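Okay, here's what each chain looks like letter by letter:
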Amino acid sequence: MLDSQPVTATQEFNTMQIELVRVDDAFHFEAIGKSGVAQHMDAATDIGGHNAGARPMEMLLMGLAGCTAIDVILILQKQKYVIEDFRLKVDGMREKDAHPAPFRKIHITYLLKGKLDTDKVKRAIDLSMDKYCSATAQFRPSADITYSFEIQE
């Protein structure tokens, strides 16, 4: 059973809080964090949702993508590289017919454009995956995370 007590802020932790508000009488929710930017979530239409937002599990993968993207871009920018275009594709594989159905395998494809050194890009991704990305650390105990990258000049 989960503890129902709220998280109390202490000096040893950085705290984060979001608020989730039900938008309709089904499964459409709006989540707002400290940034004040609203994100919408909804369930699939086959269970009564209205497809008015991303699924919660999609948002987890989006968070992973955003976390590692920020890391990699920052690392390459500090090395004075100009990134003309940056995209990620994330494929998540969940256990079939399981409840809960966590991600067990995740593959991230980094798509970069610019005059970039292959070794420097690989090093930036490795640093994100192994040292900086908190979302990767969150997934790592339950999912095998792999990556590939392509550089287009």
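Criteria and cut-off values
Residues numbered from 1 in each chain as written. Predicted model: local features only at pLDDT ≥ 70, side-chain atom pairs only at ≥ 80, totals over all residues. Heavy atoms only, no water. Pairing = 2+ DSSP bridges. Helix = DSSP H or I, 4+ residues; strand = E, 2+ residues; numbered from the N terminus. Axes fitted to C-alpha atoms, helices over the stretch in contact; angles between N-to-C directions. Buried < 20%, exposed > 50% of the residue type's maximum accessible area, 1.4 Å probe, protein only. Core = buried A, V, L, I, M, F, W, Y, C linked by side-chain atoms within 4.5 Å. Contact = heavy atoms within 4.5 Å. Salt bridge = Lys/Arg side-chain N within 4 Å of Asp/Glu carboxyl O. Parallel < 35°, antiparallel > 145°, perpendicular 65-115°, else oblique. Left-handed = near helix turned anticlockwise from the far one by under 90°. Nonpolar A, V, L, I, M, F, W, Y, C, P; charged D, E, K, R; others polar.

*Asks:* Where do I start with the sheet that holds strand β3 (residues 38-41) in this structure?
*Replies:* Taken together, the 3 strands give an open sheet; going across it, the order is β1-β2-β3, and neighbouring strands pair in antiparallel fashion. The outermost strands of the open sheet, each flanked by one partner alone, are β1 (19-22) and β3. Direction aside, the axes of adjacent strands within the sheet are offset by 25° on average.

*Asks:* Honestly, unusual backbone geometry in this entry has me stumped. Any pointers?
*Replies:* Trans peptide bonds make up the majority, and among non-glycine residues the majority have a negative phi. Between H99 and the following residue, P100, the backbone shows a cis peptide bond with an omega angle of -5°. Although it is not a glycine, K80 sits at a positive phi angle of roughly 70°. When you line up the elements, K80 lands in the loop between α1 (56-78) and β4 (85-94). Positive phi, close to 55°, is recorded for D97, a residue that is not glycine. Tracing the backbone through its elements, the reader meets D97 in the loop between β4 and β5 (103-113). Relative accessible area serves as the criterion here: at 73%, D97 is assigned to the exposed category.

*Asks:* How should I be thinking about the nonpolar core in this particular structure?
*Replies:* One broad trend across soluble globular proteins is that nonpolar side chains are buried collectively. Membership of the largest hydrophobic core comes to 23 residues, with the highest contact counts inside it found for L64, V72, I106, I108, Y110, L112 and F139. Looking at this core, the element that brings in the most residues is α1, giving 6 residues. Each residue touching V72, except ones within four places of it in the same chain, is listed here: F86, Y110, A124, I125 and S128.

*Asks:* Before we go on, may I ask you to explain the pattern of salt bridges in this structure?
*Replies:* Any two side chains of opposite charge can pair, so long as their charged atoms come close to each other. Evaluation of the coordinates by the stated rule reveals 3 salt bridges. Note that D85 and R87 form a salt bridge whose closest N and O atoms lie 2.9 Å from each other. A relative accessible area of 29% means that D85 is categorised as partly exposed. Given the relative accessible area of 51%, R87 is considered exposed. Between K122 and D126 there is a salt bridge, and its shortest N-O distance comes to 2.8 Å.

*Asks:* Got a minute to help me understand the packing of α1 against helix α2 (residues 118-132) in this structure?
*Replies:* Any two packed helices are characterised by the angle at which their axes cross and by the distance between the axes. For the pair α1 and α2, the least separation of the axes is 9 Å and the interaxial angle reads 135°. Between α1 and α2, the crossing angle belongs to the class labelled oblique. Considering the relative orientation of α1 and α2, their crossing is right-handed. In contact with T68, D71, V72, I75 and L76 of α1, α2 contributes K120, V121, A124, I125, L127, S128, M129 and Y132. When grouped by side-chain class, the residues that make up the contact of α1 with α2 number 9 nonpolar, 2 polar and 2 charged.

*Asks:* Would you take a moment to explain the sheet that holds β5 for this structure?
*Replies:* Within a beta sheet, neighbouring strands are joined by backbone hydrogen bonds and run either parallel or antiparallel to one another. Read from one edge to the other, the open sheet built from 3 strands follows the order β4-β5-β6, with strand pairing classed as mixed. Looking at strand neighbours, the two that pair on one side only are β4 and β6 (144-152), the edges of this open sheet. Sheet twist, expressed as the average angle between the axes of neighbouring strands with direction ignored, equals 15°. Note: β4 against β5, 10 bridges, orientation antiparallel.

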